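Report on the structure
Listed here are the chains, written in short residue letters.
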Amino acid sequence: MTMLANAPIQPEDEPMSPVAHPSQALLRVENLSREFGGVLAIENLSFTVAKGDIHSIIGPNGAGKTTLFNLITGVYKPSGGTVLFDGATVSGLPPYKLAARGMSRTFQNLQIFFNMTAVENVMVGRHLHLNGTLLPALFRFPSLVRKDREAKERAAELMASVGLAKYVDAHASSMPYGALKRLEIARALASEPKLLLLDEPAAGLNATESREIDEVIKKVAASGITVILVEHDMKMVMGISDRITALNYGRKLAEGTPAEVAANPDVVAAYLGTMD
Ligand SMILES: Nc1ncnc2c1ncn2[C@@H]1O[C@H](COP(=O)(O)OP(=O)(O)OP(=O)(O)O)[C@@H](O)[C@H]1O
Ligand SMILES: [Mg+2]
C-alpha cells in the first residue's frame, strides 16, 4: 500500500468525524448563482456531493465549471444561494478558512513555484492552504524548512503516493508537464483535506499520463477523501465517477451515474456527439 491509503484524513488533534455513510452529504450547493456584468455564469444550481464519492462536473467550455469551483472554495462570493460543507453553511467564508475546514483544490492553469524544488512546492502547499495567502508562506519559508524536517518527510511521502518519488529533490523547472500536474495534486493533499477539487487535472496530458492521473484520483478517493473533478477527458470521467453533474450555460443539464448522464439526450446534444 502506498502512503495515501495510510495518510491521516484529519489532523490528529481533531476529533474523528463519525464513520462516513455513502449517502451522507459532504457538500451541498443550494440555488447557487453568480453573475458577471449581468450574465449569469452559474444560475440557480443545486447538487449534493456524498462523502467518499468521486463526483464529476462536466460541461462545454464556458459552462461555469471553474466559476463553480471558485464559488465553492470562496474565491468568488455567490450572487445568491448557499454552500454547505461538512454540516455548516460556508458561503461567504474566505478561501483560507475553507482550507482550514478541509477544502483543497488544484487550478486549471499550473500554479507551481518554478524557483523551488518539487518537495518545497508540496511543503509550501501545506502552509499556503492553512494560512490562506501566498506571500506570508513564502517569507516564512526558510525558517519553516529549518524547523520542519518532519514536514519534508511528510511531503516526500505524499510525492511518493502520487508516483513522484524520484522527483523529490528535483527542481520544479526541470520536471515534465505530466509530473507537474501530479505535483499540484500532492501539494493540494498536503493540507490533509476532506474534499479535494480538481480542475482539469488531465488537461494537456497524453494517454499514458492521463491514466496515471486516473490512478492517483482513485487512490485519493480510496483513502477517504471526497473528490470533485472537472475534466474534459470523458473516458476518464465515465470510468472513475460515482456521480456526474452536467452543466450548460451555468445551469444543471443532467445528473446521475455515468451511464445515466452519458445516455441523456441533452448532454449528448451539448457535446454534439463527442461523448462516444
Ligand atoms: N471573473 C470573471 N469575470 C467575468 N466573467 C467571468 C469571470 N469568470 C468567469 N466568467 C464567465 O463565466 C462563464 C463561465 O466561465 P468558466 O471559466 O467558469 O467556464 P468553464 O466551464 O470552467 O470553462 P472551461 O471548460 O473553458 O474551463 C464564461 O462566460 C466566462 O467568461
Ligand atoms: Mg474552467
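Below, the structure is looked at part by part. (Residues numbered from 1 in each chain as written. Chains lettered and ligands numbered in written order. Predicted model: local features only at pLDDT ≥ 70, side-chain atom pairs only at ≥ 80, totals over all residues. Heavy atoms only, no water.)

A look at the sheet that holds strand β5 (residues 88-89)
Sheet strands pair by backbone hydrogen bonding; their relative direction is either parallel or antiparallel. The cut-off we apply is this: Two strands are counted as paired when DSSP detects at least two bridges linking them. Starting at the N terminus, helices and strands are each numbered in turn, a helix being any DSSP run of H or I of at least four residues and a strand any DSSP run of E of at least two.
The strand order β2-β1-β4-β5 describes an open sheet built from four strands, whose pairing is antiparallel. Of all strands in the sheet, those with a lone pairing partner are β2 (39-50) and β5, marking the two edges.

As for the pairing of β2
Of the strand pairs in this sheet, strand β1 (residues 25-36) and β2 are connected by eight bridges, and their pairing is antiparallel. Within the sheet, the bridge partner assigned to Arg-28 lies in β2 and is Thr-48. Hairpin geometry of β1 and β2 is characterised by an intervening segment of two residues between the two adjacent antiparallel strands and by a positive phi of about 50° at Gly-37.

Digging into the coordination of the magnesium ion (ligand 2)
Four donors placed tetrahedrally about a metal ideally form angles of 109.5 degrees, and six donors placed octahedrally ideally form angles of 90 or 180 degrees. Short version of the rule: Sodium, potassium and calcium take a 3.2 Å donor cutoff, other metals 2.8 Å, and in both cases only N, O and S atoms count; water is not among them, so sites may look incomplete.
Of the protein atoms, only Thr-66 (OG1) and Gln-108 (OE1) coordinate the magnesium ion (ligand 2), at distances of 2.0 to 2.2 Å. Of this pair, Thr-66 sits in helix α2 (residues 65-72) while Gln-108 sits in the loop between β6 (103-105) and α4 (118-131); the two residues are 42 residues apart in sequence, bridging distant segments of the chain.

Some remarks on the site of ligand 1
What counts, and what does not: Any residue with a heavy atom positioned within 4 Å of a molecule or strand is treated as near that molecule or strand. What qualifies as a polar contact is a pair of N or O atoms within 3.5 Å, subject to a donor-acceptor requirement within protein and to the restriction that residues adjacent in sequence count only when both atoms come from side chains. Note on residue categories: nonpolar means Ala, Val, Leu, Ile, Met, Phe, Trp, Tyr, Cys or Pro, charged means Asp, Glu, Lys or Arg, and polar means any other residue, Gly included.
The local shell around ligand 1 holds 14 residues, among which Gly-62, Lys-65, Thr-66, Thr-67 and Gln-108 are the closest. At a separation of 2.9 Å, an oxygen atom of ligand 1 approaches a polar backbone atom of Gly-64. Contact between ligand 1 and Thr-67: an oxygen atom at 2.6 Å from a side-chain N or O atom of the residue. Grouping the amino acids of the shell around ligand 1 by side-chain chemistry returns five nonpolar, seven polar and two charged.

Here we look at the environment of Leu-189
Looking at where Leu-189 falls in the secondary structure, it is placed in helix α7 (residues 177-189). Once the C-alpha coordinates of Leu-189 and Val-220 are considered, the two residues, 31 residues apart in sequence, prove to be 8.8 Å apart.

Considering the pattern of salt bridges
Basically, it comes down to this: Think of a salt bridge as a Lys or Arg side-chain nitrogen and an Asp or Glu carboxyl oxygen that are within 4 Å of each other. Only protein chains enter the accessibility calculation, which uses a 1.4 Å probe. A residue is then buried if its area is under 20% of the maximum for its type, exposed if over 50%, and partly exposed in between.
A complete count under the given rule lists 13 salt bridges for this structure. Linking Glu-212 and Arg-182 is a salt bridge whose minimum nitrogen-to-oxygen distance equals 3.1 Å. In this pair, Glu-212 is assigned in helix α8 (residues 207-222) and Arg-182 in helix α7, connecting sequence segments 30 residues apart. Relative accessible area serves as the criterion here: at 10%, Arg-182 is assigned to the buried category.

Some thoughts on the sheet that holds β6
Condition: Interaxial angle, 0 to 180 degrees, is taken between N-to-C directions of lines fitted to C-alpha atoms, where a helix line uses only the stretch in contact. Any two residues whose heavy atoms approach within 4.5 Å at even a single point are treated as in contact.
Spatially, β6-β7-β8-β3-β9-β10 is the arrangement adopted by the six strands of the open sheet, whose pairing is mixed. Each having just a single partner strand, β6 and β10 (251-256) make up the two edges of the open sheet. Shown here is a sheet whose adjacent strand axes are inclined to one another by a mean of 20°, direction ignored. Where strand β7 (residues 195-199) lies against strand β8 (residues 226-230), five bridges are found, and the strand directions are parallel. Residue pairing for β8: Leu-197 is matched across the bridge by Ile-228. The strands that α7 touches are β6 and β7; relative to β7, the one it contacts most, it runs at about 155°. Across the face of the sheet, α8 comes into contact with β3 (54-58), β7 and β8 while running at roughly 150° to β8.

Side note on helix α6 (residues 149-161)
Where we set the bar: By this rule the span expected of a helix is its residue count minus one, scaled by 1.5 Å. Starting at the helix axis, one direction is taken to each C-beta atom, and the arc is that of these directions.
The end-to-end C-alpha distance of α6 is 19 Å, a good match for the 18 Å that 13 residues give at a rise of 1.5 Å each. When we look at burial in α6, the residues that qualify are Ala-151, Arg-154, Ala-155, Leu-158, Met-159 and Ser-161. All buried residues of α6 project into a common sector of 160° when viewed along the axis, lining one side. Summarising the geometry of α6, the exposed residues directed more than 90 degrees from the buried face are Arg-149 and Glu-150.

Some details on the environment of Ala-259
Its location among the elements puts Ala-259 in helix α10 (residues 258-262). Under the relative-accessibility criterion, Ala-259 is labelled exposed at 59%. In this structure, the C-alpha to C-alpha distance between Ala-259 and Ile-244, residues 15 residues apart in sequence, is 9.5 Å.

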